[in-house]
Amino acid sequence: MAEITFDGVTKIFGDNIPAVDQLSLHVAEGEFMVLVGPSGCGKTTALRMLAGLEDITAGSLSIGGTVVNNVLPKDRDVAMVFQNYALYPHMTVAQNMGFALKIRGQSKGEVARKVGEAAAILRLTEYLDRRPKALSGGQRQRVAMGRAIVRSPQAFLMDEPLSNLDAQLRVEMRLEIARIQRLLGVATVYVTHDQIEAMTMGDRVAVMRGGRLQQCDTPQDLYDHPKNDFVAGFMGSPPMNLLRVGLETTDAGVALALGSQRLAIPASYATSHHLPRVDGPGVVFGVRPEDVEVRDGSSADSLTTRVERREALGAEILVHLSLVDVGGDNAIVVNDSGAVVARPTKLVAKMGPRSGVSVGDHLDVRLNPDHFHFFDADSGLSLRRGV
Amino acid sequence: MTTVLTPPTESGSHKEPPPLKPPPRRIGRWVLFGAMIVVAVIMLYPFFVMGVTSLKSESQFLSGGGFSWLSWSSLTSVIPVGQEVLSSTIVCSSSIFIILCVGLPAGFAFSKLRFRLSTVVFLVIVSAMMVPLQAILMPEFVNVTKLGLTGGYTGAILVYAALGTPFSVFLFTTYFRGVPDELIEAGIVDGLGYFGALWRLVLPIAVPAIATVTVLQFIQIWDDLLVGLLFIQNTSDRPITVGLAVLAAGRTTSIPELMAGSIISALPAMLVYLGFQRYLVKGLTMGIDR
Ligand SMILES: Nc1ncnc2c1ncn2[C@@H]1O[C@H](COP(=O)(O)OP(=O)(O)OP(=O)(O)O)[C@@H](O)[C@H]1O
Ligand SMILES: [Mg+2]
């Protein structure tokens, strides 16, 4: 058991574009850290550097307080679960799980005991004599986990271990992995591109983009206070509505200009946020789909919208809304070749399963004023003070 | 293991309406079966003749009637069969051992390690497969003679190993390219060094490739005459193929004895093939893929 520290870790492959750029991240002892981000953002590369499978171009990486930049993988004492499990095809489940112990010269009896314990935790006892070929996807996944946990390593590294499983099994294994990790209390770095896995499993979640760390926080903090528009748009399903809007002064104070409609910004935001000046470049305004509520009749704090599409998901309905009478900048703009380059301002709302909206309806919606988000129009950084 | 699956294509030759489809397929099977029997007969007939002929004495062979064990019992007095089979075995197994010892690690390196000029080196080695034996035989003979290695088996073993290694490097490289990198990496994270990975993971996984190289090289080397003839100069070290050639070249060659010798010489290659065939077909999909 140990803590893990990335300090300005950079990885540059041949092409001079950093795959991981100045990554600084601390994983505490026993912590479950999730690395999440879109494809190609460097998650796997970061994990492989930690495992020692990839050289570190710059920066320092330490496990348990020891810098491991030049330590061979076999001496790092970390266990890795690969996306395709990489089970040894010529060994039985028991041999697969016991292999690392055998290499380390532990006695037969001890190996068998540890494998037995791990198999019990993973409910694999009856499969110990099978070859990987004769196992289902979920069972192979558990063997891959087993191979990691028998070792009681300094850290677990997992690279999208659930991405090859079907949806139901994934939910099951998500809980299972989280349970086992809590049970063993080993520092874990878990890579995924699935933000639901990130939200549900991680003690903390590190969001990456283009090799750079965007934000590292608890799932709830990440959700409530994204540091930039990328994190805001990445975490949450459906993602946060992000609208690029101008600010205007009205009788009631500062308001958002959404086409011809105006939405008042509560005065408190002027103190909690660095809002840009009125009539300036504008801001990126964010509101989560669950904070878009239907109202009866229009009022000063509501927007008039039209239902464009509804997606019934069973427990909830996603309603795609477009602002009515947006005019100006927000209307559909078609370029020379006929492609749409701008759409009328759209919002997605999450509604209860029995809300009887249908396509074409006009709805007045209120955006929950307690949960507005503002981001800089250029840098995308949150305008909240003190972040 | 990556297997390239060709998508099932509509067979263009089937022009009949649907109800007629089953009969043509069945007929097709019978035609195929018949063709295979014909091929089998053509292939097996020489063995049959060899077998029957070897069971006659010289006079029975000439007159056509009767059977006897005479040519089998006299064979050992004509040529030292036992010694020659032993020579062949030593030469064959030593060469194959070298071929495997070089080919397997080389294939591993070419497919899994990144190093400068690896592609170029690989291509140079593999292109050596294109060079026919006859083209390099004389220069090779001069070299080996100058090194004084034509006495025992050493010269022949080295020449066979040199001839077989490019193919084996090629085969192992292709085979290991199909083994996911993660498998080796899993071993490395589990605590193996590169040599440990080679010995404890790669070797067991490579069994089908090892079997393939062994069988193909065994057949080739065991059946080869030219190299044995040239590079093994001691008559007492002759391999079986050379022994038979000498027998055949004699002034009073007994055909039944020659046939008996031929059977003895052909048998090991067949046995090796039959023994390893299981691994050739099997194994290539050992459940590495999912
Ligand atoms: N061996 C390599 N050589 C060159 N470039 C590489 C190599 N491995 C990864 N990269 C590049 O580094 C970047 C990050 O790759 P990485 O595999 O870490 O992404 P990822 O976040 O794991 O993506 P995914 O979610 O698709 O697995 C990519 O742009 C990729 O093209
Ligand atoms: Mg990846």
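Model, not experiment: these values are computed from the prediction.

### Notes on the nonpolar core
Next, step 1: Membership of the largest hydrophobic core comes to 91 residues, with the highest contact counts inside it found for A:I4, A:L61, A:L157, B:F172 and B:F176.
Next, step 2: The biggest single contributor to this core is helix α7 (residues 154-177) of chain B, with nine residues.
Next, step 3: Beyond its immediate chain neighbours, meaning those up to four positions away, B:F172 contacts B:L100, B:G103, B:L104, B:G107, B:A206, B:A209, B:I210 and B:V213.
Next, step 4: Grouped together as the second largest cluster of nonpolar side chains are 43 residues, A:Y85, A:M97, A:V186 and A:M235 included.

### As for the site of ligand 1
Residue and element names in this part refer to chain A.
Next, step 1: Every residue near ligand 1 is listed here: F13, A19, S39, G40, C41, G42, K43, T44, T45 and E160.
Next, step 2: One of the side-chain N or O atoms of S39 is found 2.5 Å from an oxygen atom in ligand 1.
Next, step 3: Note that an oxygen atom of ligand 1 is positioned 2.7 Å from one of the side-chain N or O atoms of K43.
Next, step 4: Considering every element that reaches the shell around ligand 1, the biggest residue donor is helix α1 (residues 43-51), with three residues.
Next, step 5: Residues of the shell around ligand 1, tallied by class, amount to three nonpolar, five polar and two charged.

### Structural notes on a nonpolar patch on the surface
Residue and element names in this part refer to chain B.
Next, step 1: Residues V39, M43, L44, F47, L267, M270 and L271 make up a contiguous nonpolar surface patch of roughly 660 Å² in combined accessible area.
Next, step 2: Broken down by element, the nonpolar patch gets its largest block of residues, four residues, from helix α1 (residues 22-54).
Next, step 3: By the secondary structure assignment, L271 is in helix α13 (residues 255-281).
Next, step 4: Overall, L271 belongs to the exposed group, its relative accessible area being 55%.

### Considering the sheet that holds strand β12 (residues 253-258) of chain A
All names here are of chain A.
Next, step 1: With antiparallel pairing, five strands are arranged side by side in an open sheet as β13-β12-β11-β14-β22. If you trace the sheet from one side to the other, it starts and ends with β13 (261-264) and β22 (373-376), each paired once. For this sheet, the mean inter-axis angle between neighbouring strands, taken without regard to orientation, is 45°.

### Focus: the domain arrangement of chain B
Residues and elements named next belong to chain B.
Next, step 1: What the domain assignment reports for chain B is domain 1 (26-69) and domain 2 (71-289).
Next, step 2: Distance between the C-alpha centres of domain 1 and domain 2: 30 Å.
Next, step 3: Between domain 1 and domain 2, the contact holds eleven residues from the first and twelve residues from the second.
Next, step 4: For the domain 1 and domain 2 pair, buried surface summed over both sides reaches about 910 Å², with 69% attributable to carbon and sulfur atoms.
Next, step 5: Its largest share of buried area at the contact with domain 2, domain 1 owes to M50, S54 and W69, together 53% of the area lost on that side.
Next, step 6: At the surface where domain 1 touches domain 2, the tally comes to zero salt bridges.
Next, step 7: At the boundary of domain 1 with domain 2, the tally comes to seven residue pairs in polar contact (both at pLDDT 80 or more).

### Section: the packing of α7(B) against helix α10 (residues 207-223) of chain B
Residue and element names in this part refer to chain B.
Next, step 1: For the pair α7 and α10, interaxial distance at closest approach is 10 Å and the crossing angle is 155°. The angle between α7 and α10 falls in the class roughly antiparallel. In this structure, α7 meets α10 at a crossing whose hand is right-handed. Residues Y160, G164, F167, S168, L171, F172 and Y175 of α7 touch α10, and the partners they reach there are P208, A209, I210, T212, V213, L216, Q217 and I221.
Next, step 2: Looking at the contact of α7 with α10, its residues break down into eleven nonpolar, four polar and no charged.

The rules behind these values
- Residues numbered from 1 in each chain as written.
- Chains lettered and ligands numbered in written order.
- Predicted model: local features only at pLDDT ≥ 70, side-chain atom pairs only at ≥ 80, totals over all residues.
- Heavy atoms only, no water.
- Core = buried A, V, L, I, M, F, W, Y, C linked by side-chain atoms within 4.5 Å.
- Buried < 20%, exposed > 50% of the residue type's maximum accessible area, 1.4 Å probe, protein only.
- Helix = DSSP H or I, 4+ residues; strand = E, 2+ residues; numbered from the N terminus.
- Contact = heavy atoms within 4.5 Å.
- Near = heavy atom within 4 Å.
- Polar contact = N/O pair within 3.5 Å; in protein donor to acceptor, adjacent residues only side chain to side chain.
- Nonpolar A, V, L, I, M, F, W, Y, C, P; charged D, E, K, R; others polar.
- Patch = residues over 30% accessible without salt bridge, like charges linked within 9 Å, V, L, I, M, F, W, Y side chains within 5 Å.
- Areas by Shrake-Rupley, 256 points an atom, 1.4 Å probe, with all protein chains shown as cover.
- Salt bridge = Lys/Arg side-chain N within 4 Å of Asp/Glu carboxyl O.
- Pairing = 2+ DSSP bridges.
- Axes fitted to C-alpha atoms, helices over the stretch in contact; angles between N-to-C directions.
- Domains from an automatic or database assignment.
- Buried area = accessible area lost by both parts, 1.4 Å probe.
- Parallel < 35°, antiparallel > 145°, perpendicular 65-115°, else oblique.
- Left-handed = near helix turned anticlockwise from the far one by under 90°.

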